[in-house]
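What follows is the residue order along each chain.
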Amino acid sequence: MENRELFDEEKLHLTLSRLCAQLSETYGDFENTVLLGLQPRGVRFAKRIHSLLLHMYPGIEIPYGELDVTFFRDDFRRKESPLVANQTNIQFLLEKKRVILIDDVLYTGRTIRSAMDAMLSFGRPSNVKLLVLVDRNRKRELPVQADFCGLTVDTLDNEKVLVEWAEQGGKDSVRIQIRENKKAES
Amino acid sequence: MKGKLSVKHLLSIRDLTPEDVELIFKTADNFKGILNAPIKKVPSLRDITIVNLFFENSTRTRVSFELAEKRLSADVINFSSSSSSVSKGESLLDTVNNLLAMKVDMVVMRHPAPGACQYLSHHIPAILINAGDGTHEHPTQALLDAYTLTQYWGGSIRGKKIAIVGDIRHSRVAFSDLLIFQKLGAEVCVCGPGTLIPPDMTSVGCKVSYDLDETLAWCDAVIMLRIQLERQDTAYIPSLRDYSLGYGLTRDRLQKIGREIPVLHPGPINRGVEISSEVADAPQSQILNQVENGVAVRMAVLYLLAGVAGG
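About the thresholds
Residues numbered from 1 in each chain as written. Chains lettered and ligands numbered in written order. Predicted model: local features only at pLDDT ≥ 70, side-chain atom pairs only at ≥ 80, totals over all residues. Heavy atoms only, no water. Domains from an automatic or database assignment. Buried area = accessible area lost by both parts, 1.4 Å probe. Salt bridge = Lys/Arg side-chain N within 4 Å of Asp/Glu carboxyl O. Pairing = 2+ DSSP bridges. Helix = DSSP H or I, 4+ residues; strand = E, 2+ residues; numbered from the N terminus. Axes fitted to C-alpha atoms, helices over the stretch in contact; angles between N-to-C directions. Contact = heavy atoms within 4.5 Å. 1 Å grid on protein atoms, 1.4 Å probe; cavity = no way out; pocket = protein on both sides within 12 Å on 5 of 7 lines; lining within 4 Å. Points joined across faces, edges and corners; volume = space filled by probe spheres on them. Nonpolar A, V, L, I, M, F, W, Y, C, P; charged D, E, K, R; others polar. Buried < 20%, exposed > 50% of the residue type's maximum accessible area, 1.4 Å probe, protein only. Core = buried A, V, L, I, M, F, W, Y, C linked by side-chain atoms within 4.5 Å. Patch = residues over 30% accessible without salt bridge, like charges linked within 9 Å, V, L, I, M, F, W, Y side chains within 5 Å. Areas by Shrake-Rupley, 256 points an atom, 1.4 Å probe, with all protein chains shown as cover. Lys, Arg positive; Asp, Glu negative; His and termini not counted. Charge placed at Lys NZ, Arg CZ, Asp CG, Glu CD. Expected span 1.5 Å × (residues − 1).

**Considerations on the domain arrangement of chain B**
Residue and element names in this part refer to chain B.
Then step 1. Structurally, chain B comprises domain 1 (13–138 + 291–306) and domain 2 (139–288).
Then step 2. Here domain 1 and domain 2 have C-alpha centroids that lie 25 Å from each other.
Then step 3. In this assembly, domain 1 packs against domain 2 so that about 2,500 Å² is buried in total across both faces, 62% of it on carbon and sulfur atoms.
Then step 4. On the domain 1 side of the contact with domain 2, I13, F25 and H138 bury the most area, a combined 27% of that side's loss.
Then step 5. Here domain 1 is connected to domain 2 by one salt bridge.

What follows is the structure, encoded as structure tokens:
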């Protein structure tokens, strides 16, 4: 398996700061705004964005929740075994809130479609935008686009975008992994 | 992470591996979260039709299954034997095959004959869930009892001592509970009058006691069972009053052991017979927790069994 680095640590940190600055431009003092990290892989990225926002803009209050979309996916009964769910943890209602959905990689767009479905269990948001770290361009199967994006890459089917965070034991890195004879998923 | 049960149907606790149980509990945790969200419904089973076949009376189990199915967006058909062609002499297999001809994907069945689900599973293509077969098994009740205790003890029942008290002979819950608790590493003692305990219980590795106070002093949790008068063809106890004096769980009895233990009951409870009102309504009573967990556990079982491609 071959690896190609997309972000080193420094570039990743610059990108995170840039994304936070863009959010601030759009959302001002973040009034009535909530962050929702998508389980499982979007959560670490969302937590980083959340703490960086609080650090860069002291005094803002921005609730953070974690959303699991497993039970809302469109591939139920189409796989050998059902996906194991993760915990949804949202301690507030989304009714009339401005929601920022956060995931690490945008690929087919199906996870985001499920997320928009799952999110409605907590109320009707006034506005929803999507923030992703990596957009795997030209692989979309649904009409879904990111509003804020760290990096757009063109990838092949046998490539997988790997996002790793220092919290997992290694260091922050974003790489493309090329797998032989395997259909990529992300 | 993918998760698949090792079984195609849920017929008996005996068929499940400890990993299966763990997967069901983990999935139930997530469904419990959904049941506490403002909108308590997910679309997972929206293209699935489930028939609830109840050849015996039931309130809790039937409502719990129906709610679990509806929360998962399945199409639900309820069938009870009293209002069906069974009373006109149709056989079980014919009844079920007629229902399946209407493109039913899953069958949840309660039947008075032990092994009825096992028999059906050899003859029909649908996924089967045993909701109680005579005095044999009641696997989803055992799963929710074990799940309730797992939550009470913060993650595991391994090494705990659990007493099952009452009409062991006629209780499918007792048998399924015994199997699942042992599977998960707990120690089990059955307690009741000698006439209501099958003679070979020690051979399945559980303790047997005829003294409730002694059992309460030993155990970390107690499961009270109802006297199943409808299954008793001869008199196994002198009278309900006599039974209640010997084996009824009262506040005095619980106070004597000097520590708080969780009290479970699969329902329906007979207040003043096997359990006093004070105990049934006490904070340590898990009875309503069991009912709440029942829906989440049944959702987990339905989701995991239905989720296999082509299943």
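**Here's the deal with the sheet that holds strand 7 (residues 159–164) of chain A**
Residues and elements named next belong to chain A.
Then step 1. With respect to topology, three strands assemble into an open sheet ordered 1-8-7, the strand pairing being antiparallel. Sheet topology places strand 1 (2–7) and strand 7 at the edges, where each strand pairs with a single neighbour. Each neighbouring strand pair of the sheet contributes to a mean axis angle of 25°, computed without reference to strand direction.
Then step 2. Two strands pair when backbone bridges link them, and strand 1 and strand 8 (residues 173–178) are joined in this way by five bridges, in the antiparallel orientation. The residue bridging F7 from the neighbouring strand is V174, located in strand 8.
Then step 3. Along the sheet face, helix 1 (residues 9–27) touches strand 1 and strand 8 and points at about 40° away from the line of strand 1.

**What to know about the layout of surface pockets**
Over the atoms a probe the size of a water molecule is rolled, and this reveals where empty space is left.
Residue and element names in this part refer to chain B.
Then step 1. For the second largest pocket, the calculated volume is near 690 Å³.
Then step 2. Forming the boundary of the second largest pocket are 37 residues, of which R60, R226, P266, G267 and P268 lie nearest the centre.
Then step 3. At the level of secondary structure, the elements contributing two or more residues to the lining of the second largest pocket comprise helix 2 (60–71), helix 5 (139–152), helix 6 (172–183) and helix 11 (287–306).
Then step 4. By residue number, the principal contributor to the lining of the second largest pocket is helix 11, which donates seven residues.
Then step 5. Of the residues belonging to the lining of the second largest pocket, the class tally is 11 nonpolar, 16 polar and 10 charged.
Then step 6. Residues from two domains meet in the lining of the second largest pocket; each of domain 1 (13–138 + 291–306) and domain 2 (139–288) gives at least three.

**Quick notes on the pattern of salt bridges**
Then step 1. All chains considered together, the criterion is met by 20 salt bridges over all chains.
Then step 2. The closest approach of N and O atoms between E159 of chain A and R4 of chain A, which form a salt bridge, is 3.9 Å. Within this pair, whereas E159 of chain A is found in strand 7, its partner R4 of chain A is found in strand 1, the two being separated by 155 residues in sequence.
Then step 3. For E159 of chain A, a relative accessible area of 7% puts it in the buried group.
Then step 4. Residue classification places R4 of chain A among the partly exposed positions, given a relative accessible area of 40%.
Then step 5. Close ionic contact of E66 of chain B with R62 of chain B constitutes a salt bridge, the shortest N to O distance being 3.4 Å. Residue E66 of chain B and its partner R62 of chain B are located together in helix 2, separated by four residues, close to a single helical turn.
Then step 6. By relative accessible area, which is 16% here, E66 of chain B ends up buried.

**Some points on the nonpolar core**
Then step 1. By size, the foremost hydrophobic cluster in this structure holds 92 residues, and its most contacted members are L67 and L101 of chain A together with I24, F31, L143 and F181 of chain B.
Then step 2. Broken down by element, this core gets its largest block of residues, 11 residues, from helix 11 of chain B.
Then step 3. Formed jointly, this core draws a minimum of three residues from each of two domains, domain 1 (13–138 + 291–306) and domain 2 (139–288) of chain B.

**Details of a negative patch on the surface**
All names here are of chain A.
Then step 1. A cluster of acidic residues, E5, D8, E9 and E10, forms a negative patch at the surface.
Then step 2. Structurally, E9 can be placed in helix 1.
Then step 3. We classify E9 as partly exposed; its relative accessible area is 35%.

**A look at the pairing of strand 6 (residues 148–154) of chain A**
Residues and elements named next belong to chain A.
Then step 1. Across the seven residues that make up strand 6, a large majority, five, are buried.
Then step 2. Sheet analysis places strand 5 (residues 127–137) next to strand 6, joined by six bridges and oriented parallel. Looking at strand 6, one finds that L131 is bridged to F148.

**Topic: helix 1 (residues 18–35) of chain B**
All names here are of chain B.
Then step 1. If you check helix 1, its first and last C-alpha atoms are 25 Å apart, about what 18 residues at 1.5 Å a residue would give, namely 26 Å.
Then step 2. For helix 1, the set of buried residues is D20, V21, L23, I24, F25, T27, A28, N30, F31, K32, I34 and L35.
Then step 3. In the core, the buried residues of helix 1 are packed alongside helix 2, helix 5, helix 6 and helix 11.

**Things to note about empty space enclosed by the protein**
Then step 1. Scanning the entire structure with this criterion turns up one cavity of 30 Å³ or more.
Then step 2. Considered as a void within the structure, the largest cavity measures approximately 90 Å³ in volume.
Then step 3. The wall of the largest cavity is formed by 13 residues, among which D75, F76, P82 and L83 of chain A together with Y303 of chain B lie closest to the centre.
Then step 4. Per-class residue counts for the lining of the largest cavity are five nonpolar, four polar and four charged.

**Points about the sheet that holds strand 4 (residues 127–133) of chain B**
All names here are of chain B.
Then step 1. Read across the open sheet, the four strands follow the order 2-1-3-4; overall the sheet is parallel. A single partner strand is all that each edge strand has here, and the edge strands are strand 2 (75–80) and strand 4. Recorded for the sheet is a direction-independent mean angle of 15° between the axes of neighbouring strands.
Then step 2. Here strand 1 (residues 49–54) runs beside strand 3 (residues 106–111); their pairing, made up of five bridges, is parallel. Looking across to strand 3, one finds that N52 is bridged to V108.

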